[in-house]
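Here's the letter readout for the chains.
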Amino acid sequence: QVQLVESGGGLVQPGGSLRLSCAASGSIYRINDMGWYRQAPGKQRELVAAITYGGSTDYAVSVKGRFTISRDTAKNTVYLQMNSLKPEDTAVYYCNADVRPTYYSGRYDYWGQGTQVTVSS
């Protein structure tokens, strides 16, 4: 079993910054893609940013230039640095990981429990 634990959410004023972290633990042979999604009230969950095992990144248009995704492969951890935050960034942010638990197993999709980010004055 694999667990993803997010941290770093909170309340911040518009224009401020937050850094989210997501640490994976458990039976892990290799983590392929990792990503951050968000879901605002009344809206569908959307991809915010993703990073491959090799470090290639992809961002939603709405966050490009403001958010940066990174990962520490040795620590099985992914980060999301969020700058110039806007009220429309308010949502629950979820970590996602594509995990191969053992050498012999297939790949499975895991989610964290979510962390609330609120941008408000």
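Refer to the structure printed above.
Everything in this summary refers to the structure shown in the same document.

Thresholds, definitions, all that
- Residues numbered from 1 in each chain as written.
- Predicted model: local features only at pLDDT ≥ 70, side-chain atom pairs only at ≥ 80, totals over all residues.
- Heavy atoms only, no water.
- Pairing = 2+ DSSP bridges.
- Helix = DSSP H or I, 4+ residues; strand = E, 2+ residues; numbered from the N terminus.
- Axes fitted to C-alpha atoms, helices over the stretch in contact; angles between N-to-C directions.
- Patch = residues over 30% accessible without salt bridge, like charges linked within 9 Å, V, L, I, M, F, W, Y side chains within 5 Å.
- Areas by Shrake-Rupley, 256 points an atom, 1.4 Å probe, with all protein chains shown as cover.
- Salt bridge = Lys/Arg side-chain N within 4 Å of Asp/Glu carboxyl O.
- Disulfide = S-S within 2.5 Å.

1. Structural notes on the sheet that holds strand S1 (residues 2-7)
Reasoning step 1: Reading across the sheet, the 4 strands line up as S1-S3-S8-S7 and stay open at both edges, with antiparallel pairing between neighbours. Two strands bound the open sheet, and with one partner strand each, they are S1 and strand S7 (67-72). Direction aside, neighbouring strands of the sheet carry axes that sit 15 degrees apart on average.
Reasoning step 2: Sheet analysis places S1 next to strand S3 (residues 18-26), joined by 6 bridges and oriented antiparallel. What sits directly across from Leu4, in S3, is Ala24.

2. What about a nonpolar patch on the surface?
Reasoning step 1: Taken together, the side chains of Tyr29, Tyr103 and Tyr104 define a hydrophobic patch exposed on the protein surface, amounting to about 450 Å² of accessible area.
Reasoning step 2: Mapped onto the elements, Tyr103 comes out in the loop between strand S9 (91-100) and strand S10 (108-111).

3. Comments concerning the state of the cysteines
Reasoning step 1: In total, this model carries 1 disulfide according to the counting rule given.
Reasoning step 2: With a sulfur-sulfur separation of 2.1 Å, Cys22 is cross-linked through a disulfide to Cys95. Here the S-S torsion is close to -80 degrees, and the disulfide linking Cys22 with Cys95 is therefore left-handed. Of this pair, Cys22 sits in strand S3 while Cys95 sits in strand S9, and the two are 73 residues apart along the sequence.

Without other data, these values stay purely geometric and don't point to any function.
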